[in-house]
Amino acid sequence: MSYKIAIVYHSAGGNTKALAEALASLLPEAELFRTSEFDTGILPEYDALIIGTYTWGNGELPAKTAAFYAELEQLPISHLKTGVFGTGETNYSHFCGAVDHFRDMLFAKSQLLVTLKIEQMYQESDLPRLQKFASLFKN
Ligand SMILES: Cc1cc2nc3c(=O)[nH]c(=O)nc-3n(C[C@H](O)[C@H](O)[C@H](O)COP(=O)(O)O)c2cc1C
């Protein structure tokens with residue numbers, strides 16, 4: 001059976017979407033989902049879950065991501081290798097705070113491999129970090 005990876009992201013303005021698509025292009029076997037269309041019921045079939053989110057409020061999760069977080073927190077996900085990436089802006093006091101929220105929960109509940117924080121739209125100079133992130137999910 002093949003190694004199954006889901007990339008689940010939420011993006012309002014497109015920065016996190018672009019980053020999710022860049023990671024998906026580095027992991028051709030991965031399936032890309034928007035958080036709002038993702039059914040957590042399929043997670044038992046997956047080996048890895050990669051979550052992407054921007055940050056809102058004062059270092060907080062956007063509402064759609066918060067609902068996904070709350071659902072995930074209740075599920076058995078110890079079999080999953082996980083990663084979390086996000087975009088944010090360093091001029092806010094809690095840069096990519098949403099990534100930190102997921103990191104803490106995923107560290108406790110799953111096999112967290114990596115996190116990644118990117119300033120707004122990823123740049124070519126970020127590619128080595130994206131490649132490093134993706135390489136950890138290659139089976
Ligand atoms: C009202 C508001 C609050 C924000 N709060 C934060 C924050 O606390 N920390 C942070 O790193 N970025 C914050 N941001 C910046 C966004 O997370 C950033 O622009 C992100 O790249 C947007 O992603 P998207 O284009 O995928 O929607 C905030 C943006 C807005 C408009």
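Thresholds, definitions, all that
- Residues numbered from 1 in each chain as written.
- Predicted model: local features only at pLDDT ≥ 70, side-chain atom pairs only at ≥ 80, totals over all residues.
- Heavy atoms only, no water.
- Salt bridge = Lys/Arg side-chain N within 4 Å of Asp/Glu carboxyl O.
- Helix = DSSP H or I, 4+ residues; strand = E, 2+ residues; numbered from the N terminus.
- Buried < 20%, exposed > 50% of the residue type's maximum accessible area, 1.4 Å probe, protein only.
- Near = heavy atom within 4 Å.
- Polar contact = N/O pair within 3.5 Å; in protein donor to acceptor, adjacent residues only side chain to side chain.
- Areas by Shrake-Rupley, 256 points an atom, 1.4 Å probe, with all protein chains shown as cover.
- 1 Å grid on protein atoms, 1.4 Å probe; cavity = no way out; pocket = protein on both sides within 12 Å on 5 of 7 lines; lining within 4 Å.
- Sits in = over half its atoms within 2 Å of the grid points.
- Contact = heavy atoms within 4.5 Å.
- UniProt positions renumbered as here; feature names shortened; annotations may be inferred.
- Right-handed = clockwise from strand over helix to strand, strands pointing away.
- Pairing = 2+ DSSP bridges.
- Phe/Tyr/Trp six-rings, centres within 6.5 Å; stacked < 30°, edge-to-face > 60°.

Asker: Talk me through the pattern of salt bridges; I want residue IDs and the actual numbers.
Answerer: Summed over all chains, the structure comprises six salt bridges. For D100, the salt bridge goes to R103, with nearest N and O atoms at 3.1 Å. Pair noted here: D100 and R103 are both in helix α3 (residues 97–109), with a separation of three residues, about one helical turn. Classification of D100 as buried rests on a relative accessible area of 12%. The closest approach of N and O atoms between R129 and D126, which form a salt bridge, is 3.6 Å. Residue classification places R129 among the partly exposed residues on the basis of a relative accessible area of 40%.

Asker: Before we move on, could you go through the site of the ligand and cite the residues and values that matter?
Answerer: Taken together, 20 residues form the shell around the ligand, and within it S11, G13, T16, T87 and E89 come nearest. Here a nitrogen atom of the ligand and a backbone polar atom of G57 are 3.0 Å apart. Here E89 contributes a side-chain N or O atom positioned 2.7 Å from an oxygen atom of the ligand. Contact with the protein chains hides 83% of the accessible area of the ligand, taken as 650 Å² for the molecule alone. When atoms are counted within 2 Å of each cavity's grid points, the one that captures over half of the ligand is the largest pocket. Only α1 (15–26) and β4 (81–88) provide two or more residues apiece to the shell around the ligand.

Asker: So what about the environment of M121? Which residues, and what values?
Answerer: Within the secondary structure, M121 sits in the loop between β5 (111–119) and α4 (127–135). Distance from M121 to T82, taken between C-alpha atoms, is 23 Å for residues 39 residues apart in sequence. Beyond its immediate stretch of four places on either side in the chain, M121 contacts G14, N15 and A18.

Asker: Please provide a residue-by-residue account of the UniProt feature "domain: Flavodoxin-like" (unreviewed entry) in the chain, values included.
Answerer: Under the UniProt annotation, the feature "domain: Flavodoxin-like" (unreviewed entry) is placed at residues 5–138. Helix and strand shares over residues 5–138 are 34% and 25% respectively, and the end C-alpha atoms of the span are 10 Å apart.

Asker: Could you give an account of the pairing of β4, with specific residues and numbers?
Answerer: Most of β4 sits out of view: seven of its eight residues are buried. Handedness of the β-α-β unit built from strand β3 (residues 48–54), helix α2 (residues 63–73) and β4 comes out right-handed. By the bridge criterion, eight bridges tie β4 to β5 in an arrangement that is parallel. Residue pairing across strands places K81 opposite Q111, the latter belonging to β5.

Asker: Let's hear about the packing of aromatic side chains: which residues, and what values?
Answerer: For the coordinates displayed, the defined rule picks out seven aromatic pairs. Each ring, one from Y69 and one from F102, has its centre 5.1 Å from the other, and the planes form 70 degrees; the classification is edge-to-face. With Y69 in helix α2 and F102 in helix α3, this pair connects stretches of sequence that are 33 residues apart. Considered together, Y69 and F102 belong to a single accessibility category, that of buried residues. Relative to F137, the ring of F133 lies with its centre 5.6 Å away and its plane at 35 degrees, an arrangement referred to as tilted. As far as the burial class goes, F133 and F137 line up, both buried.

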